[in-house]
Amino acid sequence: ASAAPSPLEGFDRRANADPRALTSTSRARPGAPGPPGASRALPRGRPGADPSRADVPSVFLELLVAIRSERHELTRDERDALRRCEEQMQSRAVVAGYLTGAGTNALLKTLPAFKTQPVGRYIAAVSFGVTGAFYGARSAARACLERIVRLEDSRLGELAADAVRRSASLDPMLAKAPNATGGDAA
C-alpha cells in the first residue's frame, strides 16, 4: 500500500530537502568532506524559530490547499473572521509602512549627505516603508490564525488546528481551539 501524496507536494521543496530546489551555492561540492551517508536535509521552518510555535505561512499554505481540495464553502462566521483578519492586516501594514517610511525620511534629513540628495532620501524612505508594510501585515498573521483556530463548529477551524498541530504539536494556540486535543489542553 502506497502512501497518498501530500496536498503540499511541489509547494515546499526546500523544506523537504528536495535536491531540485537547492541552489548551486547550497549543494555540497564533489569531494567535499562529510560523513558518508550524512543527510543534507534542510531544517523545517525558519532558522532559529521556536519549535513549539507553528510556522504561520506554512500553515496558511496548507490551509489554502486543504480548502481548495475539499472545495469547502465558507460559513458566515468563517467569512467574518477572514474579513477581520484582512482588515487587521491592512491597517497594520498602513501604520507600519507609514511609520517606517516617515521615520526613515526624517532620520535621513538630518544627515548632511541626504540634505542635498532628496531623491536618494525618498527612494530609501519608500523602500523602508514598503518593508515596514510587509512586516506590519505579517505581524497580524499569527493573531489571525489564532482567531481561525478558535472558531466554534467550523470546518475551517478544524483544518487550521490540524495544520498547526502538524507544524508544531505543542503550539499554545491549540489550547484555545474548541475540543482541543493537542498543545497544553487536557
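Remember, predicted model here, so these are calculated numbers, not experimental data.

1. Observations regarding a nonpolar patch on the surface
1) Next: Taken together, the side chains of Val 95, Tyr 98 and Leu 99 make up a nonpolar region of the molecular surface, amounting to roughly 350 Å² of accessible area.
2) Next: Its location among the elements puts Leu 99 in helix α2 (residues 76–109).

2. A look at the nonpolar core
1) Next: In terms of nonpolar packing, the biggest core is built from 24 residues, with Val 59, Leu 63, Leu 145, Ile 148, Val 149, Ala 160 and Val 164 touching the most fellow members.
2) Next: Among the elements of the structure, α1 (56–70), α2, α5 (141–149) and α6 (155–167) are those that each provide at least two residues to this core.
3) Next: At six residues, the largest contribution of residues to this core is made by α6.
4) Next: Those residues in contact with Leu 63 that sit more than four places away from it in its chain are Leu 156, Leu 159 and Ala 160.

3. Some points on the packing of α1 against α5
1) Next: Relative orientation of the contacting elements α1 and α5 amounts to 45°, with a least axis distance of 10 Å. Of the possible angle classes, the one that applies to α1 and α5 is oblique. Viewed along their axes, α1 and α5 form a crossing whose handedness is left-handed. Of the residues in α5, those in contact with Val 56, Val 59 and Phe 60 of α1 are Ala 141, Arg 142, Cys 144, Leu 145 and Ile 148.
2) Next: Considered class by class, the residues forming the contact of α1 with α5 number seven nonpolar, no polar and one charged.

4. Remarks on the state of the cysteines
Here, the word disulfide means a covalent bond between the sulfur atoms of two cysteines.
1) Next: In the structure shown here, the tally under the stated rule is one disulfide.
2) Next: The partner cysteine of Cys 85 in its disulfide is Cys 144, sulfur to sulfur 2.0 Å. Around the S-S axis, the bridge from Cys 85 to Cys 144 shows a dihedral of about 105° and counts as right-handed. Taken as a pair, Cys 85 in helix α2 and Cys 144 in helix α5 lie far apart in primary sequence, 59 residues in all. Exposure class is identical for Cys 85 and Cys 144. Each is buried.

5. Considerations on the pattern of salt bridges
1) Next: Per the stated rule, a full pass over the model turns up seven salt bridges.
2) Next: Among the ionic pairs, Asp 80 bridges to Arg 83, the shortest N-O distance being 3.0 Å. Placement of the pair is Asp 80 and Arg 83 together in helix α2, with a separation of three residues, close to one helical turn.
3) Next: Under the relative-accessibility criterion, Arg 83 is labelled partly exposed at 41%.

6. Comments concerning unusual backbone geometry
1) Next: The phi torsion at Arg 71 lies on the positive side, around 55°, for a residue other than glycine.
2) Next: With respect to the helices and strands, Arg 71 occurs in the loop between α1 and α2.
3) Next: Of the residues examined, Arg 71 reaches a relative accessible area of 72% and is grouped as exposed.
4) Next: Even without being a glycine, Asp 153 presents a positive backbone phi close to 45°.
5) Next: Since its relative accessible area comes to 80%, Asp 153 is described here as exposed.

7. Focus on the side chain of Glu 146
1) Next: Tracing the sequence through the fold places Glu 146 in helix α5.
2) Next: Not counting chain neighbours up to four residues away, the residues in contact with Glu 146 comprise Met 173 and Lys 176.

8. Some thoughts on helix α4 (residues 118–139)
1) Next: With 22 residues, α4 ought to run about 32 Å at 1.5 Å a step, and its terminal C-alpha atoms sit 31 Å apart, in line with that.
2) Next: Taken as a whole, α4 has its buried residues at Arg 121, Ala 124, Ala 125, Gly 129, Gly 132 and Gly 136. Take α4 and look down its axis: the buried residues cluster within an arc of 135°, on one side only. The exposed set on the far side of α4, more than 90 degrees from its buried face, consists of Val 119, Ile 123, Val 126 and Val 130.
3) Next: Close packing links the buried residues of α4 with α2 and α3 (112–115).

Thresholds applied
For every chain, the first residue of its written sequence is number 1, and the numbers climb from 1 along that sequence. Owing to the predicted nature of the model, reporting of local features is limited to residues with pLDDT of at least 70; listing and counting of side-chain atom pairs is limited to 80 or more, with chain, interface and lining totals taken over all residues. Here the side-chain values reflect all heavy atoms present in the structure, with hydrogen atoms and water set aside. A patch consists of residues exposed above 30% relative accessible area that lack any salt bridge, with like charges linked at up to 9 Å and nonpolar side chains (Val, Leu, Ile, Met, Phe, Trp, Tyr) linked at up to 5 Å. Shrake-Rupley sampling with a 1.4 Å probe provides the accessible areas, and residues are treated as covered by the protein chains on show and by no other component. The term salt bridge refers to a side-chain nitrogen of Lys or Arg lying within 4 Å of a carboxyl oxygen of Asp or Glu. Each helix is a run of DSSP H or I of at least 4 residues and each strand a run of E of at least 2, with the numbering of both proceeding from the N terminus. Note on terminology: a nonpolar core comprises buried Ala, Val, Leu, Ile, Met, Phe, Trp, Tyr and Cys residues joined through side-chain atoms within 4.5 Å. Three exposure classes are used, based on accessible area relative to the maximum for each residue type with a 1.4 Å probe and protein chains only: buried under 20%, partly exposed in between, and exposed over 50%. Any two residues whose heavy atoms approach within 4.5 Å are treated as being in contact. An axis is simply a line fitted to the C-alpha atoms; with a helix, the fit covers only the stretch in contact. Between two such axes, the angle follows the N-to-C directions and lies from 0 to 180 degrees. With respect to orientation, any angle under 35 degrees is reported as roughly parallel, any angle over 145 as roughly antiparallel, any angle of 65 to 115 as roughly perpendicular, and every other angle as oblique. In this scheme the crossing of two helices becomes right-handed for a clockwise turn of the near helix relative to the far one and left-handed for an anticlockwise turn of less than a right angle. The nonpolar class holds Ala, Val, Leu, Ile, Met, Phe, Trp, Tyr, Cys and Pro. Asp, Glu, Lys and Arg form the charged class, and all remaining residues, Gly among them, are polar. Cysteine sulfur pairs qualify as disulfides if the two atoms are within 2.5 Å. Take the number of residues in a helix, subtract one, and multiply by 1.5 Å to get its expected span. Each C-beta atom gives one direction from the helix axis, and the arc is the one those directions make.

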